[in-house]
Amino acid sequence: MDGTARFTREQVILLSFISIIGNIAYIYTWMDEDTGRASWLASFAGILLIIPFSVWIFHVGESYPEGTIFDILETGLGKFVNIFISLIYIFINIAVAVAHLNMFTEMLKVFFLQYTPPWVIMACMILMGVLFLSGKIQSFARLVEILAVLGTINYFMSFMLIFPSNFHLEYIIPVFDTSLYGFIKGVVFMAGGASECLLLLMVIIRFIPDPARHFTWIVKGIVSSAIIFAAAVLIITAMMSPELAKRIAFGGVNAARLIHIGEFIQGLELFVFATYQFIAICKITMYMYCAWTASKKIFNNKKPLLHLFITSIMIFLPSVWLNSYNKAYYLAVFLAEYIILPFLILILLLASISIMIKNNRRGSVPE
Amino acid sequence: MKVKLFLLSMVILTQLFLSGCWDYSEYDDMVAIMTIGIDFNTDTKEMTVTVQHIPAVKGGMISGAESRPIPSQVGVVHSATDKTYYGALAKLQQLIPKQLFFGYLKIMIVGESAAKYKMKDIMELHDRTPAIRNSAFIAIVSGKAEDTISTMDVESVMSSGQEISRLINLSSNTGAAYPVTIQDFVTMMAIGGLEAVLPHITTTVYQNQRVEAKGGTVSGFKADEQREGDQLLSGSAAFKGNTLAGWMDAKESLGYGWITGKNIHAYETSGVVGGEDTEDIIYYRISKSKSKIKVQIVDGEPTVAVDVNVSAEMRKYYGNKGSEFLSPDELKTIQEALSDSIRSDIHAALTKAQKEFKSDIFGFGFALFRKNPHLWRTKYEKKWDDIFPDIPIDIKVDSKIINTGTNIKKLDTKK
């Protein structure tokens with residue numbers, strides 16, 4: 001069924017948007033140490049930095065219509081290399097999902113459900129992901145469209161109420177109070193985090209019609225994510241001061257707690273929480289989908305539902321075992337800093353080599 | 001299809017557990033804390049936490065023409081003492097038979113000793129806990145916070161915490177202090193080159209007057225504390241780092257407000273009331289105030305220029321002197337008199353901060369950082385405390401009288 005599915009331009013834009021914007025939960029706090037007040041600018045630049053890699057994926061995808069990057073790897077480099085790369089890919093996707101699931105669960109526990117056991121929240125989130133993926137991928141893409149738009153409107157509507165009383169220009173000007181080295185370090189880290197989007201692109205490329213011609217879709221998605229992400233960081237900084245914002249665990253929710261309207265409306269964190277909920281469920285489902293797709297490929301698409309359940313359990317069990325915001329935060333930072341982007345570049349290089357090998361084979365036997 | 005139905009039912013089932021089983025709480029089972037007071041005993045090294053809440057059931061309105069709530073509705077005050085702030089806060093649950101709920105906290109009041117020795121500890125907890133909202137006001141009291149919170153006006157319809165909160169809300173009408181939330185205070189503690197200033201509250205009763213614990217006193221607990229009196233917004237409390245540096249009176253606070261560009265709607269006079277014939281003093285009502293702080297490096301040393309712009313309306317003209325008509329020329333003279341008065345407030349504040357507290361409450365260091373972050377970090381940040389007391393400050397006040405009230409002529413009376 002999925003083989004004939006096609007994503008629209010809006011779906012590609014918003015899928016990439018959610019996969020990038022979800023990182024605001026941890027990236028900002030970490031990069032702020034290096035970038036200082038310029039963190040919003042560094043986030044903007046860092047996200048844009050992944051455009052060449054996404055265009056690369058689109059061009060690689062062109063050579064194998066309706067196939068994922070792993071189909072391309074298998075065609076040129078053989079099954080063994082593909083299985084090896086796929087296993088690492090599955091592991092990384094599970095790690096990303098575990099980190100996000102833990103961070104979201106702990107946020108929920110800190111602010112709203114102090115006494116609810118974390119495994120209940122995690123189970124609920126994972127079950128929702130399984131439910132979404134057990135249907136057509138297009139249905140999930142449509143859901144992402146709706147939730148991304150609702151979440152963004154919801155987030156910024158809450159913060160519109162702070163203008164101008166809680167928006168302090170002196171906290172954001174001057175923009176540069178850091179060294180060039182610090183700024184570049186922040187940009188590279190942001191690019192590492194934003195490259196989570198590329199993990200998804202590697203498998204959804206097969207649903208994008210004529211990818212080489214439609215590479216502007218992903219460029220638009222990444223640029224809009226960069227603008228929204230930078231705007232969110234800017235608002236949090238202007239509300240809380242860079243000194244406080246860089247040490248908080250849940251930026252948007254903490255900032256929304258400061259908003260009050262009159263005597264009785266104290267804090268709008270519930271609204272911002274709703275946005276985080278949308279983002280978290282979409283992100284966790286996305287990485288479950290990525291891991292599931294790669295595992296299905298290894299087993300030649302036999303018993304896909306069984307694979308989906310196994311993948312979900314592989315996310316659920318480590319999440320329950322980890323059960324810590326701080327550990328999940330450092331896991332996400334570690335993945336963004338050292339793992340995701342280098343691994344994706346390696347896959348892209350291998351995929352390009354695979355295409356060259358395939359083309360050479362074709363060249364030796366005239367068609 | 002069966003699989004999807006199964007998944008859907010599982011999702012619905014788990015969602016039922018989310019808020020229903022573990023975190024469910026009835027509002028009637030909670031008690032809304034309006035005020036928290038924190039004291040530190042330097043002898044025993046113990047912290048005392050005082051909370052004020054409104055009883056949910058007891059009380060009602062006294063009927064009749066002068067309908068008013070009975071006194072118990074203006075807030076019940078309990079306190080507990082422990083080695084730590086959090087310990088004392090937790091201990092209160094042994095005394096109050098309902099879940100403590102801090103969602104509607106109005107104000108946090110810190111006693112003098114706690115402000116001197118325990119501010120960082122207190123703020124670390126407040127900055128971390130999600131239970132207590134950082135949008136609540138914070139104020140410092142002379143003496144003990146416990147005494148201030150338990151001082152009640154029995155004729156009032158508000159609790160002492162609410163009264164203090166309202167006083168702080170209206171503080172721009174006097175310029176004696178400026179509203180600061182817990183979040184603002186933590187920010188001021190964190191930003192380099194800027195020290196914190198908080199409202200200073202006193203009571204109208206003698207500090208040593210005994211507070212009666214009507215509900216009794218046992219080791220570490222006091223229940224239903226009360227004494228009669230009222231609260232007073234008497235100025236500001238200046239900090240240096242995490243420590244209370246000292247008090248500023250209303251004039252010095254006003255000077256602080258002029259420099260930092262606070263929203264002031266205060267009453268101002270052209271001279272010192274009581275220092276000369278009060279009939280020849282002009283009264284003004286400030287309608288708008290702005291300021292600009294510029295820090296420059298001159299001959300390798302930082303210098304500060306403060307431009308203050310004030311708009312005011314005249315409320316009283318000279319009694320014995322002055323011209324018949326309030327012409328533009330006459331207005332110029334009146335404006336000068338206002339500028340002089342504002343300048344004297346500013347000098348009072350500067351002298352106190354630079355010479356006595358040696359604390360940069362005006363944020364001159366922060367202004368230098370904003371002008372040149374690199375220079376601040378490499379040269380001035382570490383030695384700013386030594387440099388600040390001797391920085392030359394150039395004050396420029398530009399006052400504008402936008403109207404002279406309902407009259408444009410002097411009041412003529414029979415001789």
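One numbering rule holds for all chains: residues counted from 1, following each sequence as written. Note on labels: chains are lettered from A, ligands numbered from 1, in written order. In view of the model being predicted, local features appear only for residues whose pLDDT reaches at least 70, and side-chain atom pairs are presented and counted only at 80 or more, with totals across whole chains, interfaces and linings using the full set of residues. Processing note: side-chain calculations cover all non-hydrogen atoms of the structure and skip hydrogens and water entirely.

J.: Hey, could you run me through the packing of helix 14 (residues 269-298) of chain A against helix 15 (residues 304-322) of chain A in this one?
T.: Residue and element names in this part refer to chain A. As a rule, the C-alpha atoms of each element are fitted with a line to give its axis, helices using only the stretch in contact, and angles between N-to-C directions run from 0 to 180 degrees. In this text, helices come from DSSP runs of H or I with a minimum length of four residues, and strands from runs of E with a minimum of two, each type numbered from the N-terminal end. Helix 15 packs onto helix 14 with a crossing angle of 130 degrees between their chain directions and a minimal axis gap of 9 Å. Between helix 14 and helix 15, the angle is such that the two are oblique. The crossing of helix 14 and helix 15 is right-handed. Contact residues: M288, A291, W292, S295 and K296 in helix 14; P304, H307, L308, T311, S312 and I315 in helix 15. Throughout this description, any angle smaller than 35 degrees is read as roughly parallel, any larger than 145 degrees as roughly antiparallel, any in the 65 to 115 degree range as roughly perpendicular, and the remainder as oblique. With the far helix as reference, a near helix turned anticlockwise by less than a right angle produces a left-handed crossing, and one turned clockwise produces a right-handed crossing. Residues count as neighbours in contact if any of their non-hydrogen atoms are within 4.5 Å of one another.

J.: Can you help me understand the packing of aromatic side chains in this one?
T.: Two descriptors summarise a pair of aromatic rings, namely the distance from one centre to the other and the angle between the planes of the rings. In this analysis, rings of Phe, Tyr and Trp, with Trp reduced to its six-membered ring, are considered paired at centre separations within 6.5 Å, and the interplanar angle assigns stacked below 30 degrees, edge-to-face beyond 60, and tilted for intermediate values. Per the counting criterion, the structure on display carries 30 aromatic pairs over all chains. Arranged with centres 4.7 Å apart and planes meeting at 45 degrees, the rings of F112 of chain A and F273 of chain A form a pair that is tilted. With F112 of chain A in the loop between helix 6 (79-111) and helix 7 (118-133) and F273 of chain A in helix 14, this pair connects stretches of sequence that are 161 residues apart. Seen from their ring centres, Y256 of chain B and F362 of chain B are 6.1 Å apart, and the 40 degrees between their planes marks the pair as tilted. Here Y256 of chain B is found in helix 8 (residues 250-260), whereas its partner F362 of chain B is found in the loop between helix 9 (328-357) and helix 10 (364-371), with 106 residues between them in sequence.

J.: Sorry, what's going on with the interface of chain B and chain A here?
T.: How big an interface is tends to be stated in terms of accessible area lost as the parts join. With 37 residues of chain B in contact, the opposing surface of chain A contributes 40 residues. The quantity reported as buried area is the accessible area (1.4 Å probe) lost by two parts once they are put together, taken as the sum for both. Each partner contributes to the roughly 3,300 Å² buried at the junction of chain B and chain A, and carbon and sulfur atoms together form 61% of this total. Among the residues chain B hides against chain A, the three largest losses belong to L7, W22 and R133 of chain B. Together they make up 17% of the total. For this analysis, a salt bridge means a side-chain nitrogen from Lys or Arg found within 4 Å of a carboxyl oxygen belonging to Asp or Glu. Our enumeration of links across chain B and chain A arrives at 3 salt bridges. Across the salt bridge formed by R133 of chain B and E269 of chain A, the nearest N and O atoms sit 2.7 Å from each other. By the criterion applied in these results, polar contacts are pairs of N or O atoms within 3.5 Å in which, for protein atoms, one can donate a hydrogen and the other can accept it, and in which residues neighboring in sequence qualify only through two side-chain atoms. Here chain B is connected to chain A by 6 residue pairs in polar contact (both at pLDDT 80 or more). Secondary structure elements with two or more residues in the side of chain B that touches chain A: helix 1 (2-20), helix 4 (119-128), helix 7 (182-190), helix 10 and helix 11 (373-380) of chain B. For the side of chain B that touches chain A, the leading source of residues is helix 1 of chain B, giving 11 residues.

J.: I keep staring at the state of the cysteines and nothing clicks. Help me out?
T.: Chemically, a disulfide is nothing more than a covalent bond linking the sulfur atoms of two cysteines. We call a pair of cysteine sulfur atoms a disulfide when they lie within 2.5 Å. Counting across every chain of the model gives 0 disulfides over all chains. C197 of chain A takes part in no disulfide bond, and the closest cysteine sulfur, belonging to C290 of chain A, lies 9.9 Å away.

J.: Can you help me understand the sheet that holds strand 17 (residues 301-316) of chain B in this one?
T.: What links the strands of a sheet is backbone hydrogen bonding, and the strands pair in either a parallel or an antiparallel sense. Residues and elements named next belong to chain B. Pairing between strands is defined by DSSP: at least two bridges between the two strands are required. Reading across from one edge, 15-16-17-18 is the order of the 4 strands in this open sheet, with mixed pairing throughout. Each having just a single partner strand, strand 15 (267-269) and strand 18 (393-403) make up the two edges of the open sheet. Mean inter-strand twist for the sheet, computed between neighbouring axes without regard to direction, equals 35 degrees. With 10 bridges joining them, strand 17 and strand 18 adopt parallel strand pairing. Bridge assignment links V306 to a residue of strand 18, and that residue is I395.

J.: Can you walk me through the side chain of Q183 of chain B in this structure?
T.: Within the element layout of this structure, Q183 of chain B appears in helix 7. With a 1.4 Å probe rolled over the protein chains alone, any residue whose accessible area is under 20% of its type maximum counts as buried; one over 50% counts as exposed, and the rest are partly exposed. When its relative accessible area of 6% is taken as the criterion, Q183 of chain B is described as buried. If sequence neighbours within four positions are ignored, Q183 of chain B has contacts with M240, L244 and L258 of chain A together with N134 of chain B.

J.: Can you walk me through the pairing of strand 10 (residues 197-203) of chain B in this structure?
T.: Consecutive residues of a regular strand have side chains that alternate between opposite faces of the sheet. All names here are of chain B. The element strand 10 is extensively covered by neighbouring structure, given that 7 of its 7 residues are classed as buried. Where strand 8 (residues 137-141) lies against strand 10, 2 bridges are found, and the strand directions are parallel. Bridging across to strand 10, I140 finds its partner in H200.

J.: Explanation requested: the pattern of salt bridges in the structure shown.
T.: Proximity of charged atoms lets side chains of opposite charge pair with each other. Applying the stated criterion to the full structure yields 23 salt bridges over all chains. Across the salt bridge formed by D210 of chain A and R213 of chain A, the nearest N and O atoms sit 2.8 Å from each other. According to the relative accessible area criterion, R213 of chain A is exposed, its value standing at 58%. Among the ionic pairs, K251 of chain B bridges to D345 of chain B, the shortest N-O distance being 2.8 Å. Taken together, the positions of K251 of chain B in helix 8 and D345 of chain B in helix 9 put the pair 94 residues apart, joining distant regions of the chain. On the accessibility criterion, K251 of chain B (36% relative accessible area) is partly exposed. One connected set of salt bridges, linked through shared partners, spans D71, E74, K79 and K297 of chain A.

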